Amino acid sequence: MKLRSLQACPIVLMSFLNVFASDFEPIPPAVWAIKEGPKGAVVLEERMRFMSGFIEYLYRARIFAEGGRDAAAFNDLPPTAIDIKGRTVYPDGRVVLFNSRKDFAEKVVDGWGGKARATHLVAPGVTADCVVELSWAEPANGPVEGLPRRMNNGWYGAWTLANAYPTQAFTVEIGKYFPLDYSVIPGSGAAPVVTEGKGMKQFAFKNVQALEVPPYGLRASLRAPKLIMYWQPKNLSISTRSGAESYWQDAAKNLFRNDYVGAQIDRGKAFKALAKELTTGLPAIPTQAAAELLSRLDARIVNLGHATNAERAALPKDFWETFNVVNLSRAAEQGCTNAIGMRLLFYCLLEEMGIKPLVAKVVDREQALFEWGQLNPWQFGNDLIGVRNPDGATVWFEPTRRFVTPGVVHPDYTGVPALILDSASWKATRGVVGVLDARFNRRKYTYAMELDESSDTYDLSAEFTGFPENVERSRYLALDPKEQSKTLKEHYERSMKNLQVASAEVFNSASAQMGLSWTLKGALEREGGRSRVVEPFPGMPWPLWIPDRLEETRALPIVLPYPMVQEAVSTFKIPAGYRIPTLQGVSHENGFGRVTWTPTVDAANRTVKVVFQTEVGAYSAPPPEWQAFRTFLGWVESACRMQILLSRGE
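Everything numeric here is computed off the predicted structure, so don't read it as measured data. (Residues numbered from 1 in each chain as written. Predicted model: local features only at pLDDT ≥ 70, side-chain atom pairs only at ≥ 80, totals over all residues. Heavy atoms only, no water.)

### As for the overall build of the protein
Argument step 1. A count of helical and extended segments in the protein gives 12 helices and 33 strands.
Argument step 2. Dimensions of the protein, computed from the C-alpha atoms along their principal axes, are close to 90 × 75 × 50 Å.
Argument step 3. By residue count, 48% of the 650 residues in the protein fall in the buried class.
Argument step 4. The long-range share in the protein, meaning contacts at least 24 apart out of those at least 6 apart in sequence, stands at 72%.
Argument step 5. Split by element, the accessible area of the protein, about 30900 Å² in all, is 51% carbon and sulfur.
Argument step 6. Side-chain charges of the protein comprise 73 positive and 70 negative groups, with the mean position of each set lying 3 Å from the other. (Helix = DSSP H or I, 4+ residues; strand = E, 2+ residues; numbered from the N terminus. Buried < 20%, exposed > 50% of the residue type's maximum accessible area, 1.4 Å probe, protein only. Contact = heavy atoms within 4.5 Å. Areas by Shrake-Rupley, 256 points an atom, 1.4 Å probe, with all protein chains shown as cover. Lys, Arg positive; Asp, Glu negative; His and termini not counted. Charge placed at Lys NZ, Arg CZ, Asp CG, Glu CD.)

Encoded structure:
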């Protein structure tokens, strides 16, 4: 069947939208009567309509308290968004209209754990007593006109059919001849009401609970209703009738294998020369050889997925127009490729050494979890490469992440279900990528402080290994040295009152062999008097986030960021005229880890040394361990807040 040309879509789309969202209906009195609720807002309606060639979105929210204002903050609209229409309505009938992305205010949220910052759009004119309505659409410009290309190149899309606020109605409408397969999953809530008519199939959810992820919880654990759309390859369609085991075996051999094996992958003369260069003199143990190989590859080939400003500027203007990720010879010649190209290079170099790697297809646990019974080959977000030793031990590598210590992968891909492919046979099995021990992930801060009557001056140096090093590097990699120093300086000045940074310097931000570190010199103003407070570790980030409030009981599993060790050492001399205080250390330990704060005093030299250490040993725990975790967080907070009080001598 010939696919409809996308060029014909705008006329149809625009006429359809005139019916769907050209004029919003008057706000009924019952909506204005909503004035109470625990979240300060309620989503009146959210609707998504999928037709071949375009998607429409509609959102309506009633905000009735200050705490509900974020109900008018939306994820950033894609560049392809069209026919944006919205309004903010007040009880007295006044209306603020908007119809362009530039009409919104921007709210930027910093990502945690190495994730990118996110931009949210805030509707204009929002108050603590209003209704906000927004509609927009975008072309489904993917290969089969079911989804936009921004969604996994048009092959896969997933939506959570819930909001951070209670939702009265959440409706999904799908055209009768929609070109993709889809699943509407109720989750733990009530099943939707399903109706058909006028060429559409409608799934209507009513009174959907607010989607609120508790501290140290996973969104997937909430089991919210979901919509999943995907293209089922023709050579896998028959396998869906034979169950999950047969399906994933066929997917491994007929789909996933093609990403790594085949005549389309250019392993020509330049690649062979690169292989000889990078594989000569490697250790005999396979996992050690793979680690050294990845380090050499990272130093030899630029991963443009994490490029510096200078590397981007040096690219030919037509580089991306002619780029082909499977042309490994060209990557070897030019000395650069993208992140996926780095993964393919690493895999093929391992094969050149005679190693048949494992491939783990993984999902970011913050977004979803791999479901074996969901016969959808596009649910994965990344591939990891595994190498086995003869004794069966496996080390996993993430070649797409630049300058990461070989053997370190993003924690959100570990400890959760994965699809493991053995490239020796391309057999698929269910498995888990192991979690690194805490000792591999370290942050260390060293303070040399000088105290005088009006200020504390200090030299601070910081070192990182494992995933913390990769997170820290991601802040500075794209910047030139001057901007790196400025970013570090401004970060610390924002984090502390009365802090003035004299100098800041970042080291090894673009090194494949050396870990990132930095130094900072600063001064904190202090008030003189009969006594004064000393903070041994000013500005040090805490090992774990301490929420403002923790519920008394817990129903969902506890999930920590990752096992890690944070250590800090501070030394200073007691100023003349002040007594040397009596200091008591603390030491606590339970199933989640260990917290120590150990002071030592050299009375002869009037110096104090404080060593702080927190080891987070756990990665996850069942709900019954909640009280023990609360206790552990309390120890962390108490140790991080500890101060030393100096008083004047007699």
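Having seen it, we continue.
### With respect to the packing of helix 5 (residues 269–279) against helix 9 (residues 339–352)
Argument step 1. One can describe the packing of helix 5 onto helix 9 by two numbers: an axis separation of 10 Å at closest approach and a directional angle of 75°. Compared by their axis directions, helix 5 and helix 9 come out roughly perpendicular. Contact residues: Phe271, Lys272, Leu274, Ala275, Leu278 and Thr279 in helix 5; Leu345, Cys348, Leu349 and Glu352 in helix 9.
Argument step 2. Grouping the constituent residues of the contact of helix 5 with helix 9 by class yields 7 nonpolar, 1 polar and 2 charged. (Axes fitted to C-alpha atoms, helices over the stretch in contact; angles between N-to-C directions. Parallel < 35°, antiparallel > 145°, perpendicular 65-115°, else oblique. Nonpolar A, V, L, I, M, F, W, Y, C, P; charged D, E, K, R; others polar.)

### Some remarks on the environment of Lys253
Argument step 1. Within the fold, Lys253 resides in helix 4 (residues 244–254).
Argument step 2. When residues no more than four places from it in sequence are discounted, the contact partners of Lys253 are Ser425 and Trp426.

### Overview of the sheet that holds strand 18 (residues 382–388)
Argument step 1. Spatially, 5 strands are ordered 19-18-17-20-21 in an open sheet, and the strand pairing comes out antiparallel. Across the chains shown, the open sheet's two edge strands, defined by having one partner strand only, are strand 19 (394–397) and strand 21 (427–432). If you compare each strand with its neighbour and ignore which way they point, the axes differ by 30° on average.
Argument step 2. Both strand 20 (residues 417–422) and strand 21 contribute to a ladder of 6 bridges, which runs antiparallel. Paired with Ile420 across the bridge in strand 21 is Thr429.
Argument step 3. Contacts from helix 4 reach strand 20 and strand 21, with the element oriented near 110° to strand 21. (Pairing = 2+ DSSP bridges.)

### Thoughts on the pairing of strand 29 (residues 586–590)
Argument step 1. The pairing of strand 29 with strand 30 (residues 593–602) spans 5 bridges and is classified as antiparallel. Each residue of the ladder has a partner; that of Ser587, found in strand 30, is Thr596.
Argument step 2. Linkage of strand 29 to strand 30, two consecutive antiparallel strands, is achieved through a turn of 2 residues.

By themselves, these observations are geometric and do not establish any function.
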